[in-house]
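Coordinate analysis (summary)
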Amino acid sequence: MYRRTALFAWMALLLVSVCRASMECTDQCRPWAWAEPNSAQGRLACKKDNDMDFRMILGDYYANETDNPFLRDDMPYKTYFFCPRVDSFSAFVLDDSLSLLNGSHTATYYLSAFGAGKSSEVHIPVPSQDAVVPVWEPNHHRCLGNQSAVATFLLFNLTLKDGDYTYKNADPIGTGFVNTCTDDGETCHFDSSSFCIGSSGRYNCAQCADSAEDLRVLVSFYGTDADGLNMLSGSSNPLNFRQFALGNVYSDIKKDVTDMLPT
């Protein structure tokens, strides 16, 4: 009974904010390192209840470590603009992402977070960073007819200190995608019947393309804002509650995200 109650309590807290892509941000903060603080694209520390400039880029541009989307004219990619309220646990839906992915039969596609790159090049993270993750693997052996596999349910953490990212070895600390699978890629944390895709210790629960939906990203905040106030939304991270899981929580979470979407 305790496990069921705890799980239901978390599900009630889960969807504080469910968002589709939008360009209508107001006075959005930008916590990344930049040579010109407070400029149009420079650093602007985040305060609770402010909007944040949060963009996700879906594309195949990580064919190798040196690829940069702004240096290639032929790269198929799409940028999604979101305005999460700082310290609000949010769920983002990448509209039509599955259609974009279905157009690729040979390339692995990746999802990355704008602004979460290295301090020397903040815009786009490189594949070795946590802020980029493979979400589409073509010709997967677990799928009938070797169709593609897609990771449609992802978790992303944002960690701030006094409203800004802090960096270690040029990487933003505690900011990036969090595995929904074990580090060896053998087990999905939320659904034991699911399989995992990814590489190099970064694995996420996946489905075969014929049963998949548009990508969904759940975002939570950690650390402190520009006024030194503690972030609280991380307490709603579903990884905190997987030990209470009964049945297929992975599917239940995705269904609740879908049911609460604005039309």
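Bear in mind that the values here come from a model prediction, so they are computed numbers and not experimental data.

To continue, consider the nonpolar core. In terms of nonpolar packing, the biggest core is built from 49 residues, with M52, F54, M56, L111, F156, L215 and V217 touching the most fellow members. Ignoring anything within four residues of it in the chain, the contact list for L111 reads M56, I57, L58, L94, A131, V132, V133, V135, L154, F177, L215 and V217. With eleven residues, the next largest nonpolar core counts F153, F190, Y203 and L218 among its residues.

Here we have seven strands laid out as an open sheet, ordered β3-β2-β5-β6-β7-β13-β12, and antiparallel in their pairing. Of all strands in the sheet, those with a lone pairing partner are β3 (77-82) and β12 (195-199), marking the two edges. Relative to strand β5 (residues 109-113), strand β2 (residues 54-59) is paired through four bridges, and the arrangement is antiparallel. Following the sheet pairing, G59 is matched in β5 by Y110.

A few words on the packing of aromatic side chains. Enumeration over the complete set of coordinates arrives at six aromatic pairs. Measuring from ring centre to ring centre gives 5.9 Å for F153 and F190, while their planes differ by 85°; the resulting arrangement is edge-to-face. You can see F153 sitting in strand β8 (residues 153-160) and its partner F190 sitting in the loop between β11 (176-178) and β12, a full 37 residues away along the chain. Note on accessibility: F153 and F190 belong to one class, buried.

On to the layout of surface pockets. The calculated volume of the largest pocket comes to roughly 170 Å³. What lines the largest pocket is a set of 14 residues, and nearest its centre among them are D130, P172, G174, T175 and G176. Listing elements by their share of the lining of the largest pocket, those giving two or more residues are β10 (171-172) and β11. Of all the elements, β11 adds the most residues to the lining of the largest pocket, at three residues. Of the residues belonging to the lining of the largest pocket, the class tally is five nonpolar, six polar and three charged.

This next bit is on unusual backbone geometry. Excluding glycine, most residues fall at negative phi; most peptide bonds, likewise, are trans. You will see that D87, though not glycine, has its phi angle at about 70°, which is positive. Within the element layout of this structure, D87 appears in the loop between β3 and β4 (90-93). The exposure class assigned to D87 is buried, which follows from its relative accessible area of 14%. Despite not being glycine, S200 has its phi angle at roughly 50°, a positive value. Its location among the elements puts S200 in the loop between β12 and β13 (202-208). According to the relative accessible area criterion, S200 is exposed, its value standing at 65%.

With respect to the helices and strands, T180 occurs in the loop between β11 and β12. Taking relative accessible area as the criterion, T180 reaches 0% and is therefore assigned buried. Once residues within four sequence positions are removed from consideration, T180 is found in contact with F153, L155, C188, H189, F190, Y203, N204 and C205.

Conventions we followed
- Residues numbered from 1 in each chain as written.
- Predicted model: local features only at pLDDT ≥ 70, side-chain atom pairs only at ≥ 80, totals over all residues.
- Heavy atoms only, no water.
- Core = buried A, V, L, I, M, F, W, Y, C linked by side-chain atoms within 4.5 Å.
- Buried < 20%, exposed > 50% of the residue type's maximum accessible area, 1.4 Å probe, protein only.
- Contact = heavy atoms within 4.5 Å.
- Pairing = 2+ DSSP bridges.
- Helix = DSSP H or I, 4+ residues; strand = E, 2+ residues; numbered from the N terminus.
- Phe/Tyr/Trp six-rings, centres within 6.5 Å; stacked < 30°, edge-to-face > 60°.
- 1 Å grid on protein atoms, 1.4 Å probe; cavity = no way out; pocket = protein on both sides within 12 Å on 5 of 7 lines; lining within 4 Å.
- Points joined across faces, edges and corners; volume = space filled by probe spheres on them.
- Nonpolar A, V, L, I, M, F, W, Y, C, P; charged D, E, K, R; others polar.

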